Amino acid sequence: MRLSSEQVASVESEILKQVRANPGVSRIGLARELQIAPSTVGNYVGRLITEGFLVESEMTAFETGRPPTALRLDPDGGQFIGVDFEARNIMAMAVDFSDHPLKHAHRNIQESDSVAQIIEKIEAAIVEVLPEDQSHLLAVGVGVPGLVDPDQGIAVHYKYINHWKNIPLAGPLAKRFGVPVYLENTVRSMTLAEMWFGQGRGAKDWLCLGIRSGIGAGIVSGGQLQRGANYRAGEIGRWRCPHPPRARARFFANGSLSTETELQEVASVRALLKALEQARKATTKSVLSAQTQPLIFADVVRAAQQRDTLTTQVIEVAAEMLGWAVSQLTLALNPDRVILAGPLTLLGETLLQPLRTHAEKILRASNAEVPEILNSTMGEYIGALGAAALAVHEWKPARSG
């Protein structure tokens, strides 16, 4: 039976995914994995080699007869770009066809920026990492904060960017750059990066907590990223805090903490900075008190490294609330590990130790297993790398009918 051009592209896409996951796989191995006749696989592989997507070399170890050949991705087969953004930052990264990072770019978002200005900055970041020959660009992935509709290519809503509601994003970007554009929630982009390149690689049931201006959870169950019925899985930043934390938490949420306060108003980077701004104005007993400029997160990291009492106390409040969130996710989903991603990882054990302690206290009281809780090691471009990986895995070779 003759396959349609779309079916052929899908088969070739699966072949590329298998080679990406198993570098050095043979044609026979591919045929076995995909349950396709070796001769048919050979035809597809031959075309992918001719088009510059795969390279083939003889395996060094064999016994008798014709030596088997090993298939690998051709780094020069094309490039993919990933973009990741949130309320204050845009990150972009280009990778080659074998997933190796090539270039990256950063843009700041100002609170006064309009939606149109933010989209212009996203486009500028993409332009900065474009290949010299733009025809080598194959696809773009975008990690979008808040709610997203990947099927329609729409950014649905994000409360920390003014007027960010029902924004058509994939279509205009695809028209601007002439390639497919794929959208995903930004925390799920971080999770994809951990799944394919980081501490989630090979794991089946685990979580990634993305903590920046807001908070979200990427959920992996049975080795598959979970998106939910309406692409809204993991919106834990909107969980209500279980109770007002102890007295020093008065600096959070403008001093009006209650059981209606959202988690992201207590435990996000943005919430932590606002709380410390209030706290340092209320006391002179802090290394932050003498600073005249508004705090940035690097100031918080430095103060934590100096074991500044006020800073560590405020961090502990956020850590305890994150520990509560981890415990509730664990009771519901039973992950074997929880990976924290985002700027808070720079706080190291100052955040992790009270977070773990609080999560363990709740879970042991419920006779539940305590997952491993650890920081991501992938750095600030984790979301951009994940968005690029999204583009890699969604893209299919173009085939004419």
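Refer to the preceding data block for the structure.
An account of the accompanying structure is given in this report. (Residues numbered from 1 in each chain as written. Predicted model: local features only at pLDDT ≥ 70, side-chain atom pairs only at ≥ 80, totals over all residues. Heavy atoms only, no water.)

**So, the sheet that holds strand S12 (residues 215-221)**
Here is the rule we go by: One requirement defines pairing of two strands: DSSP has to find at least two bridges between them. Under the DSSP-based scheme used, a helix requires at least four consecutive residues in state H or I and a strand at least two consecutive residues in state E, with every element numbered from the N terminus. Orientation is described by lines fitted to C-alpha atoms, with helices fitted over the stretch in contact, and by angles between N-to-C directions that extend from 0 to 180 degrees. Throughout, a contact is declared for two residues whenever any of their heavy atoms are within 4.5 Å.
Within the open sheet, the five strands sit side by side as S13-S12-S11-S14-S15. Their pairing is mixed. Here the strands that pair on one side only, and so sit at the sheet edges, are strand S13 (224-226) and strand S15 (372-375). For this sheet, the mean angle separating the axes of adjacent strands, direction not counted, is 25°. Sheet topology places strand S11 (residues 206-211) next to S12; six bridges connect them, and they run antiparallel. Counted as the bridge partner of Ile211 is Ile215 from S12. The strands touched by helix H11 (residues 349-365) are strand S14 (337-341) and S15; relative to S15, the strand with the most contacts, the crossing angle is about 160°.

**Structural notes on the packing of aromatic side chains**
Rules: In this analysis, rings of Phe, Tyr and Trp, with Trp reduced to its six-membered ring, are considered paired at centre separations within 6.5 Å, and the interplanar angle assigns stacked below 30 degrees, edge-to-face beyond 60, and tilted for intermediate values. Throughout, exposure labels follow a simple rule: accessible area from a 1.4 Å probe, protein chains only, divided by the maximum for the residue type, with under 20% read as buried, over 50% as exposed, and the rest as partly exposed. A ring has a charge above it when a Lys NZ or an Arg CZ is no more than 6 Å from the ring centre and no more than 35 degrees off the ring normal.
What the rule picks out here adds up to eight aromatic pairs. With a centroid separation of 5.4 Å and an interplanar angle of 70°, the aromatic rings of Phe53 and Trp395 are classed as edge-to-face. Taken together, the residues span a long stretch of sequence, with Phe53 in the loop between helix H3 (38-50) and strand S1 (54-58) and Trp395 in the segment after helix H12 (382-394) at a distance of 342 residues. For Trp395, a relative accessible area of 8% gives the class buried. Members of the aromatic cluster, each reached through a chain of ring pairs, are Phe53, Phe80, Phe97 and Trp395. Residue placement shows Arg20 over the ring face of Phe97; its charged tip is 5.2 Å from the ring centre. Above the plane of the ring of Phe177 lies Arg176, whose end atom (NZ or CZ) is 4.6 Å from the centre.

**Some details on helix H8 (residues 269-282)**
Note the following rule: By this rule the span expected of a helix is its residue count minus one, scaled by 1.5 Å.
The end-to-end C-alpha separation of H8 is 20 Å, in line with the 20 Å expected for 14 residues at 1.5 Å each. Within H8, 10 of the 14 residues are buried, which leaves it mostly tucked inside the rest of the structure. Looking at H8, one finds that the buried residues are Val269, Arg270, Ala271, Leu272, Leu273, Ala275, Leu276, Glu277, Ala279 and Arg280.

**Thoughts on the sheet that holds strand S6 (residues 137-144)**
Across the sheet, which stays open at both edges, the five strands sit in the order S5-S4-S3-S6-S10 with mixed pairing between neighbours. Lying at the two open borders of the sheet, with one neighbouring strand each, are strand S5 (101-108) and strand S10 (181-185). Across the sheet, the mean angle from the axis of one strand to that of its neighbour is 15°, orientation sign disregarded. Where strand S4 (residues 89-96) meets S5, seven bridges bridge the pair, whose relative direction is antiparallel.

**Examining the pattern of salt bridges**
Pairing is possible between side chains that carry opposite charge, provided their charged atoms lie close to one another. Note the following rule: Salt bridges are identified by distance alone: a Lys or Arg side-chain nitrogen within 4 Å of an Asp or Glu carboxyl oxygen.
In total, this model carries 20 salt bridges according to the counting rule given. A salt bridge links Arg20 to Asp99; the nearest nitrogen and oxygen atoms lie 2.8 Å apart. Linking Arg20 in helix H1 (residues 5-21) with Asp99 in the loop between S4 and S5, this pair joins segments that are 79 residues apart in sequence. This pair shows no difference in class: Arg20 is buried, exactly as Asp99 is. As a salt-bridge pair, Glu111 and Arg88 come within 3.8 Å of each other at their nearest N and O atoms. With a gap of 23 residues between them, Glu111 in the loop between S5 and helix H4 (115-129) and Arg88 in the loop between strand S3 (79-85) and S4 connect regions that are remote in the sequence. Exposure remark for Glu111: the relative accessible area of 59% places this residue in the exposed category. Looking at Arg88, the relative accessible area reads 32%, which means it is partly exposed. What emerges from the salt-bridge pattern is a single network uniting Lys159, Arg240, Glu260, Glu262, Glu265 and Arg270.

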